[in-house]
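# Overview (structure and organization)
So the chains spell out like this:
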Amino acid sequence: MLAYFGYSKEPEVTVSISSSEVSVNESFQVTIEISGEANASLSTDFDSFDPHIILNYSGRSSSYVMDFSGTTSATTTYTLTGIITKEGDYTIGPFTITVGSKKYKTESATIKVIKGSKSNHTTNTTNIKSNVYSNAGNGMYLIYLNTSKTTVYENEYFDISVDFYVADDFQFRNYKALKLPDIAWIENLEDKNKRANKVALNGRYYYHYQVEKKRIYIPKAGEYDIKPATINFDGYDPNSFFFSAKPYSLQTKSKHIKVLPLPKNTTGIPTDIVGHFTFKSKISSEKITTQDSATLKIELSGEGNFQNIDNLSYTVDSALESYTPKSNIITKNKLHKTKVWEILLIPNKVGTYNVTVNDFCYFDIVKKKYIVLKGKKFSLTVKKGVVKNKDGSITILNDIDNVTDTETYTSIGYIKLSKGRKNFNVYRNSLIVVVALYSLLILSLLILVLMKFIYYFRLQNSSVLAKNTAFRKLQKELNSFEKKTRQKNININEIVAGLSKSIEKYFINKFTMDSIEFTTTNIEPLLNKLVKHEYLQQVKDIMIQLDMVRFGGIDIDTKKLKELINRINSVIKKIDLAG
Amino acid sequence: MINKRNIFIFLYLIVIVMTFYSLENHSPVDFNKAVKLYKENDYEKALDIFKNLYINHYDNFNINYNMGCCYFKLQEYGRARFHFERALKFKPFDSDLFHNLKATYNKISNSPSDYEFIIMNKRIIYFFPIQVLIGIIITLFVFIIIFAILLLKGINFRLFLILIAISFFFVITFTSLFFIQYFDYNKKVCVVIEDEANIYLSPDDENAILKSISEGTKGKIVNETSQYYRVKFENNLNGWINKEDVISNESL
């Protein structure tokens, strides 16, 4: 029968079981709910089920519910309790429901029965001591903190659970969880979809709720306390006359855990892995071509501190490119895990290469010693690749260099990890620098040219000045020589030498000549183009006379010296006037 | 004395030049955040931070490269091309950039090898980084000054005249290279960022459409109005395109 919603008048029947897996003789609950009918009855013959299934009525209830349209509907609930006496897979149902003259059949439910007490359910424990449980309401409500171990090694796991047992109705208010050590690594194992199951304790049936279940790993040796959990709820007051409700607060006991340091590791492989593991590895193909790639797969399975295992150790030949392994964790039932690493190997060239998966070492909690699981060595042979062309011929590829750009350049590399420098208009500033440099150069050249011009101009001016003042300077000098002739101690030779120099100086300034010394032989060729012939002869005579006094040893008296000076004055005057 | 003076002038010029080039900022907090976001595949948020840095004068190789990577991951290949090619102006020989540009060209074109000339072109133009270029020009100027002084002093006139001529030749060459870089750097270009963008006959979308072009096509901006660019595209197509369809130096 299918369940459906809406305003149909047909009843909706559902069946559910408290647990899909129980142990042999462990009790479970079957709930049959008929919606839309208050007067339905269960008319199933339980003897028709498997003889190992023992079912009993627990109760029947009816209720009325008003939906959002204002329509009232009724629900009937049947509760059965059962046990199964032999392990195996069983089908419970179908159940037959009778409503008036009509009969309806439910679907069947399956249940698995296992041996002993390996299931996750709390087993029937009739030998529980009352001082281990916290209880309230005269034993109607119990809470128990259960740990699988109280002494463990570093990183060795232990399970902890808070179990709440309820013999009667209760209204949950709040729950304060266990306070675990801060350094502990915690894995949650609670099954939120799990329904409460019925258990028998001390001759009384309880509904068992597993409030908390965790797997704990403590990485550091020491002693730790697990602070208790507290559950607050409203429950049945057994002492009240009118079965009134009463607030209860139940707290578990605390637990003391001792964590021992791991024994000394003499295997030579450092490890902090604790648990129980199996280890295998394989390579996808030991013979590939240069176009192909191979995958190295490493699998680690078991129970233990997987959170401390990032990567397993392996060695790859340097000629192979290996890419960061991606790893997956596959969890079977939250306890047993398998972690898989896949490493992509890409060959660069032809050859044979070694790929080694190194040994894995861990501390076995069952054997209480270090175990080394041996790794494996693979030999990867890379041959030349081939490409089939359209015309049927094949091209043998030597290396990956022949791969086209389209094949190689499909994704981009990673980003740059530094910010770099600020860029305040680098090019504009550089332009300013270059323009400034060239401006400076041009300016320097202009200044240089200007200075040269000024210097030349000044030079030119000084020549003119010297030319115009040549005779005046000569006259001054002649006057000073004449004054010297009136002195008592006159030096005729000095005066004669001075007269020669003054005449030379006059001609140099007057005619802008290079500084030279006149002699009787060179005076005529030097001055014949500058001075008239008659004057030139007179100048020559004067120079001869002066040379004879200077070098010829001829004496001259003061009177004749004065006459000579006058003569020089008049000749030069005439030359100066002639221009 | 003169040599000491010249050395002093040279050092002083170097200091002036280097003040134009900024020093690295010492607060990389935002940048590291962007890198972290990129690693977490949150490319849009990483891109916002890179854009902010770009606007704040970090128009350099690293930021342009990273913006290109973000756009590539966001499959905006036109923008990716724009930023990668801008990064090419700073470091034209970077192998990662070469790889990324090729990957981008693969995405925007069926014949990506046609774009290799762009990379070669930039490598020639930007062979010398701008700082090195300016340094060489300044050094050559200093040599010219020294040679000129020695020439004026009349010391081995012919030799220094030849040296001055050679130095001038190199100065002109490097200055030309600088101006080529300058004009290329400041060239107004744009890249189409829409899957399909229309090129119009005039700056008006009601006018005739000359052609539709695809994302990643690059062009040189010749003229503009308030809403349109006149662009000369790689395939010698001239026309007006809506500013919103392209990314350009100005739009950044």
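Residues numbered from 1 in each chain as written. Chains lettered and ligands numbered in written order. Predicted model: local features only at pLDDT ≥ 70, side-chain atom pairs only at ≥ 80, totals over all residues. Heavy atoms only, no water.

### Overview of the overall build of chain A
Each helix and strand in chain A was counted, giving seven helices and 34 strands. In chain A, which comprises 579 residues, the share counted as buried stands at 39%. Taking the contacts inside chain A whose residues are at least 6 apart along the sequence as the reference set, 68% of them involve residues at least 24 apart. Working note: accessible area of chain A is about 33,500 Å², and carbon and sulfur atoms make up 52% of it. (Helix = DSSP H or I, 4+ residues; strand = E, 2+ residues; numbered from the N terminus. Buried < 20%, exposed > 50% of the residue type's maximum accessible area, 1.4 Å probe, protein only. Contact = heavy atoms within 4.5 Å. Areas by Shrake-Rupley, 256 points an atom, 1.4 Å probe, with all protein chains shown as cover.)

### Considering the sheet that holds strand β22 (residues 255-260) of chain A
Residues and elements named next belong to chain A. Pairing is mixed in the open sheet, where three strands are placed in the order β13-β22-β19. Both edges of this open sheet fall to β13 (151-153) and β19 (222-226), since each of them pairs with a single strand only. Averaged over all pairs of adjacent strands, the angle between their axes in this sheet comes to 30°, without regard to strand direction. As paired elements, β13 and β22 share three bridges and run parallel to each other. Bridging across to β22, valine 152 finds its partner in valine 259. (Pairing = 2+ DSSP bridges. Axes fitted to C-alpha atoms, helices over the stretch in contact; angles between N-to-C directions.)

### Overview of the interface of chain A and chain B
Accessible area lost when the parts come together is the quantity often used to give the size of an interface. Each partner contributes residues to the interface: chain A has 31 residues there, and chain B has 56 residues. Across the chain A to chain B interface the summed buried area is about 4,300 Å²; carbon plus sulfur atoms make up 67%. Broken down residue by residue, the surface that chain A buries against chain B is led by Lys416, Lys419 and Tyr427 of chain A, which jointly contribute 21%. A salt bridge links lysine 416 of chain A to aspartate 94 of chain B; its shortest N-O distance comes to 3.6 Å. Across the chain A-chain B interface, the total number found is ten residue pairs in polar contact (both at pLDDT 80 or more). Only α1 (405-408) and α2 (426-468) of chain A provide two or more residues apiece to the side of chain A that touches chain B. For the side of chain A that touches chain B, the element with the most residues is α2 of chain A, which contributes twelve residues. Taken together, the residues of the side of chain A that touches chain B break down into 15 nonpolar, ten polar and six charged. (Buried area = accessible area lost by both parts, 1.4 Å probe. Salt bridge = Lys/Arg side-chain N within 4 Å of Asp/Glu carboxyl O. Polar contact = N/O pair within 3.5 Å; in protein donor to acceptor, adjacent residues only side chain to side chain. Nonpolar A, V, L, I, M, F, W, Y, C, P; charged D, E, K, R; others polar.)

### Points about the packing of aromatic side chains
What describes a pair of aromatic rings is the distance from one ring centre to the other and the angle between the planes of the rings. Tallied over the entire structure, the rule returns 35 aromatic pairs over all chains. Arranged with centres 6.2 Å apart and planes meeting at 65°, the rings of tyrosine 157 of chain A and tyrosine 217 of chain A form a pair that is edge-to-face. In this pair, tyrosine 157 of chain A is assigned in strand β14 (residues 157-166) and tyrosine 217 of chain A in strand β18 (residues 204-217), connecting sequence segments 60 residues apart. Ring centres of phenylalanine 279 of chain A and phenylalanine 360 of chain A lie 5.7 Å apart, and the angle between their planes is 35°; this geometry places the pair in the tilted category. Of this pair, phenylalanine 279 of chain A sits in strand β23 (residues 274-283) while phenylalanine 360 of chain A sits in strand β30 (residues 360-364), placing them 81 residues apart in sequence. Owing to a relative accessible area of 6%, phenylalanine 360 of chain A belongs among the buried residues under this scheme. Here the guanidinium or amino end of lysine 149 of chain A rests over the ring plane of tyrosine 157 of chain A, the centre of that ring lying 5.2 Å away. One residue, lysine 416 of chain A, lies across the ring of tyrosine 65 of chain B, its end atom 4.8 Å from the ring centre. (Phe/Tyr/Trp six-rings, centres within 6.5 Å; stacked < 30°, edge-to-face > 60°. Lys NZ or Arg CZ within 6 Å of the ring centre and 35° of its normal.)

### Observations concerning the pattern of salt bridges
All names here are of chain A. Taken as a whole, this structure holds 28 salt bridges over all chains when the rule is applied. Glutamate 187 is the salt-bridge partner of lysine 337, the closest N and O atoms lying 2.7 Å from each other. Of this pair, lysine 337 sits in strand β28 (residues 337-347) while glutamate 187 is found in strand β16 (residues 185-188), placing the two residues 150 residues apart along the sequence. For the pair formed by lysine 337 and glutamate 187, the shared burial category is buried. Of the charged contacts in the structure, one is a salt bridge between glutamate 303 and arginine 215, with a shortest N-O distance of 2.8 Å.

### Describing the sheet that holds strand β8 (residues 96-99) of chain A
Pairing in this open sheet of three strands is antiparallel, and the strands run β4-β8-β9 (chain A) from one edge to the other. On the outer flanks of this sheet lie β4 (41-42) and β9 (102-105) of chain A, each paired with one strand and no other.

### Some points on the confidence of the model for chain B
Residues and elements named next belong to chain B. Averaged over all residues, the pLDDT of chain B equals 85, while 90% of them reach at least 70. Mean pLDDT per element in chain B: helix α1 (residues 2-19) is the minimum at 65, and helix α5 (residues 77-88) is the maximum at 93. Contacts of residues 22-27 to residues separated by more than four positions or lying in other chains number ten contacts, the stretch itself having pLDDT below 50. (pLDDT = per-residue confidence, 0-100.)

### Considering the environment of tyrosine 115 of chain B
All names here are of chain B. Along the polypeptide, tyrosine 115 turns up in the loop between α6 (95-108) and α7 (116-125). C-alpha separation for the pair tyrosine 115 and leucine 101, spaced 14 residues apart in sequence, amounts to 9.3 Å. Other than its neighbours up to four places away in sequence, tyrosine 115 contacts Arg81, Tyr105, Ser109 and Glu234.

### Digging into the environment of cysteine 69 of chain B
Topologically, cysteine 69 of chain B is positioned in helix α4 (residues 61-73). For the pair cysteine 69 of chain B and arginine 79 of chain B, spaced ten residues apart in sequence, the C-alpha to C-alpha distance is 9.8 Å. In this structure cysteine 69 of chain B touches Ile412, Gly413 and Ile415 of chain A together with Tyr38, Phe84 and Asn100 of chain B, once residues within four positions along its chain are discounted.

### Description of the side chain of glutamate 85 of chain B
Residue and element names in this part refer to chain B. In this fold, glutamate 85 is placed in helix α5. By relative accessible area, which is 5% here, glutamate 85 ends up buried. Only 2.7 Å separates the side chain of glutamate 85 from the side chain of lysine 218, close enough to count as a polar contact. Apart from residues no more than four positions distant in its own chain, glutamate 85 is found in contact with Leu101, Tyr105, Ile118 and Lys218.

### Topic: the environment of asparagine 32 of chain B
By the secondary structure assignment, asparagine 32 of chain B is in helix α2 (residues 29-39). Sequence separation between asparagine 32 of chain B and alanine 46 of chain B is 14 residues; the distance between their C-alpha atoms is 9.7 Å.

### A look at α5 of chain B
Residue and element names in this part refer to chain B. Between its first and last C-alpha, α5 extends 16 Å over twelve residues, near the 16 Å set by a 1.5 Å rise per residue. Counting buried positions over the twelve residues of α5 gives eleven, a clear majority of the element. Looking only at α5, the buried set comprises Tyr77, Gly78, Ala80, Arg81, Phe82, His83, Phe84, Glu85, Arg86, Ala87 and Leu88. (Expected span 1.5 Å × (residues − 1).)

### Re a negative patch on the surface
Residue and element names in this part refer to chain B. Taken together, the side chains of Glu194, Asp195, Glu196 and Glu244 define an acidic patch exposed on the protein surface. Mapped onto the elements of the fold, aspartate 195 is located in the loop between β1 (189-192) and β2 (196-200). Overall, the relative accessible area of 60% leaves aspartate 195 in the exposed class. (Patch = residues over 30% accessible without salt bridge, like charges linked within 9 Å, V, L, I, M, F, W, Y side chains within 5 Å. Lys, Arg positive; Asp, Glu negative; His and termini not counted. Charge placed at Lys NZ, Arg CZ, Asp CG, Glu CD.)

### Brief notes about the nonpolar core
If you look at the biggest cluster of nonpolar residues, it comprises 36 residues, and the most contacted ones within it are Tyr38, Phe50, Ile63 and Leu97 of chain B. Listed by contribution, the elements that provide at least two residues to this core are α2, α3 (43-55), α4, α5, α6 and α7 of chain B. A total of eight residues in this core trace back to one element, the largest contributor, which is α4 of chain B. Beyond its immediate sequence surroundings of up to four residues, phenylalanine 50 of chain B is in contact with Ile415 of chain A together with Phe31, Ala34, Ile63, Asn66, Met67 and Cys70 of chain B. In terms of nonpolar packing, the next biggest core, distinct from the first, is built from 34 residues, Tyr506, Phe518, Ile523 and Ile568 of chain A among them. (Core = buried A, V, L, I, M, F, W, Y, C linked by side-chain atoms within 4.5 Å.)

### Overview of unusual backbone geometry
Residue and element names in this part refer to chain A. Cis geometry is found at the peptide bond from glycine 93 to proline 94, where omega equals -5°. Relative to the elements of secondary structure, proline 94 occurs in the loop between β7 (88-92) and β8. One non-glycine residue, asparagine 25, lies in the positive phi region at around 70°. With respect to the helices, strands and loops of the structure, asparagine 25 is situated in the loop between β2 (21-23) and β3 (28-35). Judged by relative accessible area, which is 41%, asparagine 25 ranks as partly exposed.

### Brief notes about the packing of α4 of chain B against α6 of chain B
Residues and elements named next belong to chain B. Between α4 and α6, the least distance of the axes is 11 Å, while the angle of their chain directions is 35°. When the axes of α4 and α6 are compared, the crossing they make is left-handed. Here α4 contributes Phe61, Tyr65, Cys69 and Phe72 to the contact with α6, which in turn contributes Asp96, Leu97, Asn100, Ala103, Thr104 and Lys107. Classifying every residue of the contact of α4 with α6 gives six nonpolar, two polar and two charged. (Left-handed = near helix turned anticlockwise from the far one by under 90°.)

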